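# Topology and contacts: notes
Chain by chain, the residues run as shown.
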Amino acid sequence: MPSDGRSIRALLVPKVECDAAEDLCRKRLRAQAQLYFGADDSGSAVNVLRPLALAGDAVAAFQLGWHHEEVYRAGVGRRLEAGSTLPEVRVHGPDALPEGEAFEALIEARSAPADAKEALDAARALALLWYAQAARKGFAPAANNLGSMYQFGLLGRRDEVAARRWYLVAYDAGSPVAAYNLERLRIMGYQDRAIECTERAGGGWLPLVRAPNRDDMFDDVLMHTRFRGRGVSRAMRDLLATQVSRFVSPQAWADEITAPPRTPGLWTGLVDEVKYGEPKWDFDDEDPAAGQKPLPTFEEARAASVARDLRTGDCSGARPDPRSRRVQAMQVEMEEQLQEIAAKRSAH
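A brief structural summary. Keep in mind it's a predicted model, so treat the numbers as computed, not measured.

### Points about helix H11 (residues 193-201)
Turning to H11, its buried residues number three or more, namely Ile195, Glu196, Cys197 and Glu199. N-capping of H11 is provided by aspartate 192, with a side-chain oxygen placed 3.2 Å from the backbone N of alanine 194.

Set out below in structure tokens:
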């Protein structure tokens, strides 16, 4: 072990000397930071990413947000709901944080906690600050992760209304993961009656209605974009890649979507992973025991639906979210594309 306490792996991380004003240099520095994280040298990784993030690099800010959120999660285990609201949320809110030197002062104030409890609050505060910084730059995965922090109570109490709001910000910016988070919340049902009625009046959040930004689909970003509170799995990254190919390579998408199935769909795959113990999906954020529960019977599912109806009450007159019209139009367009593909193939 070297005298400074760093691991041999950390010392073997290649040095990067370049002009951070250049895009290629920033990519190399972010890659270097990931190597430091992988070598358990988070201090060096943060030292690389922080100047980039303060200079306006949204991906670097996003990666810092992920790191600090993981520090908080490691400290509390499954007890994610913090209970107390951060001063940064009470005073500013994620969408009204100061910029420039005032923002840097907030970072500095949280960077030297006095004790273990303060360190946990500092970790979730720094996650909030860096995600908010990236979201302010229009980086959809950061807005998605803010939604996740609200959904699972990392910023105080669980707040489905704030979670939905930030998922919608990410959705509007093109995040495919946000579409799945919104669809998951819709399926689970909202306690808020107005939102529940709005969701019922709509037709869901899938399929995707636009191609995401290129940076959003890189593995080092996707694996840190939270779905159901956890990072996106390899199986889901493959699924998203197939769906996105519809926008960038329609013929490749057509070939993939009409080919004999090689891997299970997302939801079937999740069930199979739990049932057969293949790489296990982490259900902790929603329910630690969810992975062990059998699928509900028809009667159980119907009883849950009736209970949800009674809780929500009369939704007559509710209007769908305007975005749902685009989704419905895309559903029709996809059906027409598939019919056209089938007709061409039958003609040969």
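### Structural notes on a nonpolar patch on the surface
Taken together, Ile8, Leu11 and Leu12 make up a surface patch of nonpolar side chains, about 310 Å² in accessible area. Looking at where leucine 12 falls in the secondary structure, it is placed in the loop between helix H1 (8-11) and helix H2 (23-38). On the basis of relative accessibility, which here comes to 66%, the residue leucine 12 falls in the exposed class.

### With respect to the pattern of salt bridges
Following the criterion strictly, the structure yields 24 salt bridges and no others. The partner of aspartate 219 in a salt bridge is arginine 237, with the nearest N and O atoms 3.3 Å apart. Here the residue aspartate 219 occupies a position in helix H12 (residues 219-222), and arginine 237 occupies one in helix H13 (residues 234-248), the gap between them amounting to 18 residues. Assessed through its relative accessible area of 34%, aspartate 219 is described here as partly exposed. Note that glutamate 333 is salt-bridged to arginine 246, the shortest N-O span being 3.2 Å.

### Notes on empty space enclosed by the protein
Scanning the model with the defined rule gives three cavities of 30 Å³ or more in all. The calculated volume of the largest cavity comes to roughly 70 Å³. Taken together, the residues of the lining of the largest cavity sort by class into five nonpolar, two polar and one charged. Taken together, Arg186, Thr198, Glu199, Gly202, Gly203, Gly204, Trp205, Asp321 and Ser324 make up the lining of the second largest cavity. In terms of residue class, the lining of the second largest cavity is made up of one nonpolar, five polar and three charged.

### A short note on the packing of aromatic side chains
Tallied over the entire structure, the rule returns five aromatic pairs. Judged by centre distance (6.0 Å) and plane angle (45°), the rings of phenylalanine 62 and tyrosine 131 are tilted. Remark: tyrosine 131 occurs in helix H7 (residues 116-136) and phenylalanine 62 occurs in helix H4 (residues 58-76); sequence separation between them is 69 residues. Assigned by exposure class, phenylalanine 62 and tyrosine 131 land together as buried. Put simply, the rings of Phe62, Tyr131 and Phe139 pair up and form one aromatic cluster. Over the ring of phenylalanine 103 we find arginine 136, and its NZ or CZ is 5.8 Å from the ring centre. We note arginine 246 situated over the ring of phenylalanine 247; from NZ or CZ to the ring centre the distance is 5.5 Å.

### Considering the state of the cysteines
Enumeration according to the criterion identifies two disulfides in this entry. Residue cysteine 18 pairs covalently with cysteine 25 via a disulfide, S to S 1.9 Å. Of note, the bridge from cysteine 18 to cysteine 25 carries an S-S torsion of about 70° and is right-handed in sense. For cysteine 25, a relative accessible area of 2% translates into the label buried. With a sulfur-sulfur separation of 2.0 Å, cysteine 197 is cross-linked through a disulfide to cysteine 315. One quick way to see it: the torsion about the S-S bond of cysteine 197 and cysteine 315 is about -70°, and its sign makes the bridge left-handed. Of this pair, cysteine 197 sits in helix H11 while cysteine 315 sits in the loop between helix H16 (298-312) and helix H17 (323-347), placing them 118 residues apart in sequence. Residue class for cysteine 315 comes out buried when judged on its relative accessible area of 18%. Sequence-ordered numbering of the disulfide-bonded cysteines in the protein chain gives the connectivity 1-2, 3-4.

### Quick notes on the packing of helix H9 (residues 160-172) against H17
Between H9 and H17, whose axes approach to 13 Å, the crossing angle comes to 50°. Viewed along their axes, H9 and H17 adopt a mutual orientation that is oblique. As for the relative orientation of H9 and H17, their crossing is left-handed in sense. When H9 is examined against H17, the residues Leu168, Tyr171 and Asp172 are found in contact with a partner set consisting of Arg323, Arg326 and Val327. Split into classes, the residues belonging to the contact of H9 with H17 amount to three nonpolar, no polar and three charged.

What counts and how
- Residues numbered from 1 in each chain as written.
- Predicted model: local features only at pLDDT ≥ 70, side-chain atom pairs only at ≥ 80, totals over all residues.
- Heavy atoms only, no water.
- Buried < 20%, exposed > 50% of the residue type's maximum accessible area, 1.4 Å probe, protein only.
- Helix = DSSP H or I, 4+ residues; strand = E, 2+ residues; numbered from the N terminus.
- Polar contact = N/O pair within 3.5 Å; in protein donor to acceptor, adjacent residues only side chain to side chain.
- Patch = residues over 30% accessible without salt bridge, like charges linked within 9 Å, V, L, I, M, F, W, Y side chains within 5 Å.
- Areas by Shrake-Rupley, 256 points an atom, 1.4 Å probe, with all protein chains shown as cover.
- Salt bridge = Lys/Arg side-chain N within 4 Å of Asp/Glu carboxyl O.
- 1 Å grid on protein atoms, 1.4 Å probe; cavity = no way out; pocket = protein on both sides within 12 Å on 5 of 7 lines; lining within 4 Å.
- Points joined across faces, edges and corners; volume = space filled by probe spheres on them.
- Nonpolar A, V, L, I, M, F, W, Y, C, P; charged D, E, K, R; others polar.
- Phe/Tyr/Trp six-rings, centres within 6.5 Å; stacked < 30°, edge-to-face > 60°.
- Lys NZ or Arg CZ within 6 Å of the ring centre and 35° of its normal.
- Disulfide = S-S within 2.5 Å.
- Axes fitted to C-alpha atoms, helices over the stretch in contact; angles between N-to-C directions.
- Parallel < 35°, antiparallel > 145°, perpendicular 65-115°, else oblique.
- Left-handed = near helix turned anticlockwise from the far one by under 90°.
- Contact = heavy atoms within 4.5 Å.

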